[in-house]
Amino acid sequence: MNFVIPSFAPAMPEMVLLALASFILVADTFWSKRYQFATYYATQISLVVVGFLILASFTTEQVFTFNDSFVRDSFADILKLFTLIVSLGIFLFSREYLLQHKFYSGEFFVLGLFGILGMFVMISANNFIVLYMGLEIMSLAMYAMIALRRNSGTAVEAGMKYFVLGALATGMLLYGFSMIYGATGTITFPEMAQVINSGKADGIVLAFGVVFVVIGLAFKLGAVPFHMWMPDVYHGSPTAVTLYLGTAPKLAGFAMVYRLLYEAMPGLVEDWQSLLIAISILSMGVGAIAAIAQDNLKRMLAYSGIGHVGFMLMGVLAATADGFSAAMFYVIIYAITGVAGFGMIVALSKAGNEFDRIVDFKGLNARNPWLALMMLITLFSMAGIPPFIGFWAKILVIEEVVKAGFTWLAVYAVITAVISAFYYLRVVKSMYFDKPEDSAPIEAITPALNWGVSLTAIVLLLLGLLPSTIIDLAYLSI
Amino acid sequence: MLTSFPILSTLIWLPIIGGLLVLFAGRNNDTVAKWLSLGTALATFILSIPLWTGFDTTTASMQFVEQVPWIPTFGVQYYLGVDGLSMPLVLLTTFTQVLVVASAWEVIKDRVEQYMGAFLIMGGIMVGVFAALDSILFYVFWETLLIPMYIVIGKWGGPRRVYATIKFFLYTFFGSVFMLVAFLYMFYQSGSFSILDFQTMPLGMIAQILIFLAFLIAFAVKIPMFPVHTWLPDAHVEAPTAGSVVLAAIMLKMGGYGFVRFSLPITPDASMSLDWLVILLSLIAIVYIGVVALVQSDMKKLVAYSSISHMGFVTLGMFVLYDILEKTGSIQGAQLGMEGAMVQMISHGFISGAMFLAIGVLYDRMHTREISAYSGVVNKMPWFVMFAVLFAMANVGLPGTSGFVGEFMVIMSSFKANIWFGTLAALTLIIGAAYTLWMVKRVFFGPVTNENVEGLQDLNKREFAIMATLAVAVVALGIYPNPLMEVMHTSVENLLVQATTSKL
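Along every chain, residues carry numbers that run from 1 in the direction the sequence is written. Numbering of ligands from 1 and lettering of chains from A proceed in the order in which they are written. The predicted nature of this model means local features are confined to residues of pLDDT at least 70 and side-chain atom pairs, given and counted, to a pLDDT of 80 or more, with totals for whole chains, interfaces and linings taken over all residues. Excluded from the side-chain calculations are hydrogens and water; all other atoms, namely the structure's heavy atoms, are used.

Some points on the side chain of Arg426(A)
All names here are of chain A. Among the secondary structure elements, Arg426 is positioned in helix H18 (residues 407–432). Categorising residues by exposure relies on relative accessible area from a 1.4 Å probe, with only protein chains included: less than 20% of the type maximum marks a residue as buried, more than 50% marks it as exposed, and the intermediate range marks it as partly exposed. Positive charge is attributed to Lys and Arg, negative charge to Asp and Glu, and no charge count is given to His or to the chain ends. Every case where a carboxyl oxygen of Asp or Glu lies within 4 Å of a side-chain nitrogen of Lys or Arg is listed as a salt bridge. Buried within the structure, Arg426 lacks any salt-bridge partner; Asp295 is the closest side chain of opposite charge, at an N-O distance of 7.7 Å. Residue contacts for Arg426: discarding those within four places in its chain leaves Ala291, Ile292, Gln294 and Ile358. Comment: elements are numbered from the N terminus, with helices defined as DSSP H or I runs of at least four residues and strands as E runs of at least two. Throughout, a contact is declared for two residues whenever any of their heavy atoms are within 4.5 Å.

Shown next as structure tokens:
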């Protein structure tokens, strides 16, 4: 038996992140009494350190390690970098929220770090087992985070709901994995693609496998008809946690879609494409129409998120490299915009008032014109109206489906975009045209939040004016 | 020297940056906000004059061109330029902007800096719409414009402003998304987003028809044409005065501009086979909407309907060319209709702007736009009524005012196309006179029956200056329209060639 020591270099960021997270987990119990924010700062520093590690070893080549179960490529690096950037924002906002609502604890950040580790593993997974491992690391961290506020009934309920449905989704995914493994005899993605292309695998088993995999993915992404958990979980969770689970995991979720559909099963495109078309149509439709009925902003953003997933899937179902690039761009922008949107709710929430109902935003322009403008930018960016970056995200995926020959789908998509513009406009209307219920000026709960939210929103505008660089990043990596 | 100076970019970005400055600098100081806005608007207008003086009327190609890659991966460019079709509209925009700022001087008291800032930003964006030669750049400007307008109507508008502004936004947004899909389709076919490349690319008949319909929805909503015009009366009535002026004077022209820049040159064969649709809708607008205007009791609504009716002339003048070609075998007569439509757009910009400003003058004093609330205004405001009657006459199309020139040209050429088109179009001379003069009679003349009217003050200096400027423009263009026609002539000829050359 000869045992070859694998090359650890490609997985260095993950290993450093694991080491740091474990260290902080232990250290937190010692220092949290004396230095309240030590865990927070250590967490942020860890993110920066890992970010620099990735940047320092950035490579455009594909490097495999651990018996081809782990892959490092520019796709992975770029998604990981954006995960880190988004997470920096999430933790910045979360600390203030947790303090304000009196359940600040180091565990939140430690769990967050482990969640990010899970995302990293998902992004770099090159076989079923590693992918599943990453998914579970991430999900378990999130179940705990949602229920962190033990005395809140809605949070615990949301946590339970997410856990049960998440487990169901994982079951579907695993079932699909096992079928595909049975048909192809391999769990490694590139090999799987070869076997499928060679035509040696049993088509029926493969088709069943694909269906279950797609269902599992749709569950995780929150696409219709597997979306029911999203509004409840988004609404029930503390906003800081909603901010977390509504943004960063979407990037990892997209990576999962990319690895499975593009790298492992390009040969089965006919099977998954038609499924995704249906899912995408339903998601965009439900996202546009159901959001109209919401009076809670978090719920509204959950439905709008369902619509965004539908849009993102349009890039995926184009089934081309450019299509996946457009989808990747979409999901990155969606995550950043989500930070701005949920971040605004966090920034304005006070103890006793979550500030998550649309009526809370009434007359915000009279109470704080600057933050109202920032929220306006965020909402219009989500609606896909130029000159904000959300417009470019939408235009690129629409361009890809037109190229793939689905012009009718593009027409349908823009109609749903018009419908969904209505509920974004309604929030803008509340902020600008309605009289405030309480006309006292309002400030973000801390200056740091004010800066954070403003910076994110301004980034949405600046990227919208000069989108070239970030578009190129997404297109070069696939 | 002028060729190297990025004059179009300046006209776009100067007001936008100025508007942002106003937003911040004028936050707690209305005086600063007002003067800064006026300064920016005036500077923009003065800087736009070289467009006119440096314009080469002998060529139909784009002038003052600026071309820089914007998103190289997708071939999206920051590509600006004007020809004889767009240059007058750019000037109209910068000109109107000054009046708009001046018109709000004492009237707006709530958040002056946001109001002024929004209008300046809008001004820059509108120049962008007319100057963009890259379709995506065009779309970005086209859509971005909705945001400040949405805020302006919703925040400073009348009692039903929220309804009106959401309707306005969704209508125009709905119209334009199809245009976006058409752009993407053509990019996929031609590999370029440049409008000039779209104009020369070959397109099959089915593709052309679908693209034509996509454009038609976008531009018909904007201009607006029957039956998608219903947002306009609501938006006009609820918008503050300056909002109505910008809507009527400039934003409606974007629809007309879209037809000549996109529909006719890009889809000539579809335009030819579907011209009956546009002509039919235009004639309905001219006659039916004219009659609707007759029964309005709200002055702004009346002028709004009259705008729709006048825009019917624009679309009629643009699309009669195929019938003329078929009938006479030459495009000579079509030239008249097309130029008439373009002149009508500029002239309507002045006249409708002036009418809305005049109504604004009355509204500021009486806070009502109901015709029945007025009577005998002439006894108290003779100067004002002098101007207002002049504008009303121009709206009717009295010879010697700018309103006459365009209408006359369009009616002439539609007679060449089909006697019925001509007859129906000419009906407007009667209907237009009826609704306008009847309003004039009820509002301005007659005895003073109302004590509010009794207390009216005549125009102050600021209002007088605004009115006089517009009056000069209306009369000058009516008596001597030649400079404007000269500017357009070559471009219109080129457009007619493009519109009659098959792309199949």
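Considering the interface of chain B and chain A
In this assembly, 35 residues from chain B lie in contact with 42 residues from chain A. Buried area: the sum, over both parts, of the accessible surface (1.4 Å probe) that disappears when the two are put together. Between chain B and chain A lies a buried interface of about 3500 Å² when both sides are counted; carbon and sulfur atoms form 81% of it. On the surface where chain B and chain A come into contact, there are 0 salt bridges. Broken down by secondary-structure element, the contributors of at least two residues to the side of chain B that touches chain A are strand E1 (63–71), helix H5 (135–144), helix H6 (146–156) and helix H7 (161–190) of chain B. When residues of the side of chain B that touches chain A are assigned to their parent elements, the largest contribution, 16 residues, is made by H7(B). For the side of chain B that touches chain A, the class distribution of residues is 25 nonpolar, 5 polar and 5 charged. Throughout, the ten residues Ala, Val, Leu, Ile, Met, Phe, Trp, Tyr, Cys and Pro are labelled nonpolar, Asp, Glu, Lys and Arg are labelled charged, and all others, Gly among them, are labelled polar.

Examining the UniProt feature "domain: NADH:quinone oxidoreductase/Mrp antiporter transmembrane" (unreviewed entry) in chain A
UniProt positions are given in the numbering used here, feature names are shortened, and annotations may be inferred rather than shown by experiment. In this numbering, the UniProt entry assigns the feature "domain: NADH:quinone oxidoreductase/Mrp antiporter transmembrane" (unreviewed entry) to residues 125–420 of chain A. The span residues 125–420 of chain A carries 78% helix and 0% strand; its end-to-end C-alpha distance comes to 35 Å.

Structural notes on the pairing of E1(B)
Residue and element names in this part refer to chain B. For two strands to be treated as a pair, DSSP must find at least two bridges joining them. The pairing of E1 with strand E2 (residues 76–82) spans 6 bridges and is classified as antiparallel. Bridged to Ile71 within E2 is Val76. The hairpin turn running from E1 into E2, its antiparallel successor, is 4 residues long, and Gly75 in that turn takes a positive phi close to 65 degrees.

Regarding the packing of helix H14 (residues 321–348) of chain A against helix H16 (residues 369–383) of chain A
Residues and elements named next belong to chain A. Running from N to C, H14 and H16 point in directions that differ by 145 degrees, and their axes come no closer than 9 Å. With respect to the hand of their crossing, H14 and H16 are arranged in left-handed fashion. Residues Thr337, Ala340, Gly341, Met344 and Leu348 of H14 pack against Leu371, Met374, Met375, Thr378, Ser381 and Met382 of H16. Here the contact of H14 with H16 is built from residues that sort into 7 nonpolar, 4 polar and no charged. To obtain each axis, a line is fitted to C-alpha atoms, and for helices this fit is confined to the stretch in contact; angles are then taken between N-to-C directions over 0 to 180 degrees. Definitions for this section: a left-handed crossing has its near helix turned counterclockwise from the far helix by less than a right angle. A right-handed crossing has that turn clockwise.

A word on the UniProt feature "domain: NADH:ubiquinone oxidoreductase chain 4 N-terminal" (unreviewed entry) in chain B
Per the UniProt entry, the sites bearing "domain: NADH:ubiquinone oxidoreductase chain 4 N-terminal" (unreviewed entry) are residues 58–123 of chain B in this numbering. Within the segment residues 58–123 of chain B, helix and strand shares are 44% and 24% respectively, and the terminal C-alpha atoms sit 29 Å apart.

Quick notes on the UniProt feature "domain: NADH:quinone oxidoreductase/Mrp antiporter transmembrane" (unreviewed entry) in chain B
The sites that UniProt annotates as "domain: NADH:quinone oxidoreductase/Mrp antiporter transmembrane" (unreviewed entry) are residues 133–428 of chain B. For the annotated span residues 133–428 of chain B, helix accounts for 83% and strand for 0% of the residues, and the straight-line distance between the end C-alpha atoms is 35 Å.

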